[in-house]
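Listed below, chain by chain, are the residues.
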Amino acid sequence: MDIFAFPPIAALLEGACWLVQFLSSLVHPLVGTAAAAVAIVLLTVLVRAVLIPVSASQVKAEWGRRRIAPRLQALQKKYKKNPELLQRKTLELYRSESVSMFGGFLPTLLLQAPVLSLVYALFLHSTIGGHPNDLLTERLGSVPLGSTLWQAGWPGVLVFVVLFCAMGIVAWFSRRTALRLALPSEGQSTLLRALSWAPFLTIVFAAFVPLAATIYLATTTLWTLIERALLRRRHWGESGSAVGAVLTSS
């Protein structure tokens, strides 16, 4: 059973198709045959712009945990021989400071899953809304936007290689930032170090989806890196640097 044949989802797919075609028509005079690929980039930007409040709340949650980290370390030293009391005092600290222990841990990419699924479906279905899917004729260079890495052939595969290299650079910076900003209690965490490799999994996923979805993934990962840096600078500010100095010297 094709889930995209379900009327409400089919309507969303048709709406997404119209939006991509509309964005493509807007930029076509400027970029020519790459218009559909640029439209996917613009769609990604629109989605991420809508999610800015969510990203801001995640950064604020990060800052909240960093702000109380020195006090949390003091509690851990004071009550290290009494785990039950330590747990109670820790919960009281988080509650009194209105800080969430796990707020901000939900990857933003998960929130985009519905849109990413629609982009994936747009370049798989030969008909949408009972009409031929013209998006399947769109290309980036010589590669159809509906092709995967394994279908691209030579030299089309180079388009994927360029995107993967860009995503790899972004993933490396993201991992480096995550480890650098880790709290002392997290710095040696096996879980944290394992999760820090998560951005690279996006590249693995991108190797098996149509080029259009790969463009979406490359755009959203770059957006995340830049957005988080700007939001941290805005919401953490000088006080964030001060706490960072305290944590580093601890």
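Figured I'd write up the structure that's included with this text. Worth saying up front: this structure is predicted, and the values here are computed from it rather than measured. (Residues numbered from 1 in each chain as written. Predicted model: local features only at pLDDT ≥ 70, side-chain atom pairs only at ≥ 80, totals over all residues. Heavy atoms only, no water.)

Things to note about the overall build of the chain
As a reminder, the rule being used: A helix here means a DSSP run of H or I that spans at least four residues, while a strand means a run of E at least two residues long, and both kinds are numbered starting from the N terminus. Accessible area is worked out with a 1.4 Å probe on protein chains only. A residue is then buried under 20% of its type maximum, exposed over 50%, and partly exposed in between. Here, two residues are considered to be in contact whenever any of their heavy atoms come within 4.5 Å of each other. A 1.4 Å probe and the Shrake-Rupley method give the accessible areas. Residues count as covered only by the protein chains that appear here.
Looking only at helices and strands, the chain features 12 helices and 4 strands. The burial tally for the chain puts 41% of its 250 residues in the buried class. Within the chain, residue pairs in contact and separated by at least 24 positions form 71% of the contacts whose partners lie at least 6 positions apart. With an accessible surface of roughly 14300 Å², the chain has 67% of that area assigned to carbon and sulfur atoms.

A look at helix α8 (residues 157-180)
The condition that has to hold: Helix span is expected to be 1.5 Å times the residue number reduced by one.
With 24 residues, α8 extends 34 Å between its outermost C-alpha atoms, agreeing within 8% with the 34 Å of an ideal straight helix rising 1.5 Å per residue. Along α8, the positions that sit buried rather than exposed are Val159, Phe160, Leu163, Phe164, Met167, Gly168, Val170, Ala171, Arg175 and Thr177.

Some thoughts on the nonpolar core
How we decide: Within this scheme, the nonpolar core is defined by two criteria: the residues are buried Ala, Val, Leu, Ile, Met, Phe, Trp, Tyr or Cys, and they are joined through side-chain atoms within 4.5 Å.
Membership of the largest hydrophobic core comes to 41 residues, with the highest contact counts inside it found for Ile40, Leu122, Leu145, Phe164 and Leu211. In terms of residues, this core owes the most to one element, helix α12 (residues 211-249), which gives 7 residues. Once residues lying within four places of it in the same chain are set aside, the contact partners of Leu145 are Ala36, Ala37, Phe123, Glu138, Arg139, Leu140, Pro210, Leu211, Ala212 and Ile215. Leu86, Leu93, Tyr94 and Val99 belong to the second largest nonpolar core, which has 9 residues in total.

Some words on the packing of aromatic side chains
Just so we agree on the cut-off: Planes of paired rings set the category: under 30 degrees apart is stacked, over 60 is edge-to-face and the rest tilted, where pairs are Phe, Tyr or Trp rings (Trp by its six-membered ring) whose centres lie within 6.5 Å. A positively charged side chain is recorded as over a ring if its NZ (Lys) or CZ (Arg) lies within 6 Å of the ring centre. The angle to the ring normal must also be within 35 degrees.
Tallied over the full model, the rule gives 5 aromatic pairs. The interplanar angle of 40 degrees and the centroid separation of 5.9 Å between the aromatic rings of Trp150 and Phe208 together place this pair among those described as tilted. In this pair, Trp150 is assigned in helix α7 (residues 149-152) and Phe208 in the loop between α11 (198-206) and α12, connecting sequence segments 58 residues apart. Assessed through its relative accessible area of 61%, Trp150 is described here as exposed. The ring centre of Trp197 lies 3.8 Å from the NZ or CZ of Arg175, which sits over that ring.

Remarks on the packing of helix α1 (residues 7-31) against helix α6 (residues 113-122)
Note the following rule: Structural elements are reduced to axes, namely lines fitted to C-alpha atoms, with helices fitted over the stretch in contact, and the angle between N-to-C directions of any two is expressed from 0 to 180 degrees. These descriptions rest on fixed angle ranges, namely under 35 degrees for roughly parallel, over 145 for roughly antiparallel, 65 to 115 for roughly perpendicular, and the rest for oblique.
At a closest axis distance of 10 Å, the pairing of α1 and α6 adopts a crossing angle of 75 degrees. The orientation of α1 with respect to α6, classified from their angle, is roughly perpendicular. Contacts between α1 and α6 involve Leu12, Leu13, Ala16, Cys17 and Val20 from the first element and Leu118, Ala121 and Leu122 from the second.

With respect to the side chain of Thr148
Residue position: Thr148 is located in the loop between β4 (143-144) and α7. Under the relative-accessibility criterion, Thr148 is labelled buried at 14%. Not counting chain neighbours up to four residues away, the residues in contact with Thr148 comprise Phe160, Phe208, Val209 and Pro210.

Examining the packing of α1 against helix α2 (residues 35-50)
Let me state the cut-off plainly: Note: crossing handedness is left-handed where the near helix turns anticlockwise from the far helix by less than a right angle, and right-handed where it turns clockwise. Residues are sorted three ways: Asp, Glu, Lys and Arg are charged, Ala, Val, Leu, Ile, Met, Phe, Trp, Tyr, Cys and Pro are nonpolar, and all the rest, Gly among them, are polar.
Taken N-terminus to C-terminus, the directions of α1 and α2 make an angle of 120 degrees; their axes are 8 Å apart at the nearest point. Our classification of the angle between α1 and α2 gives oblique. The two elements α1 and α2 cross, and the hand of that crossing is right-handed. Residue-level contacts link Leu19, Val20, Leu23, Ser24, Val27, His28 and Val31 of α1 to Ala35, Ala36, Val38, Ala39, Ile40, Leu42, Leu43 and Leu46 of α2. For the contact of α1 with α2, the residue count by class is 13 nonpolar, 2 polar and no charged.

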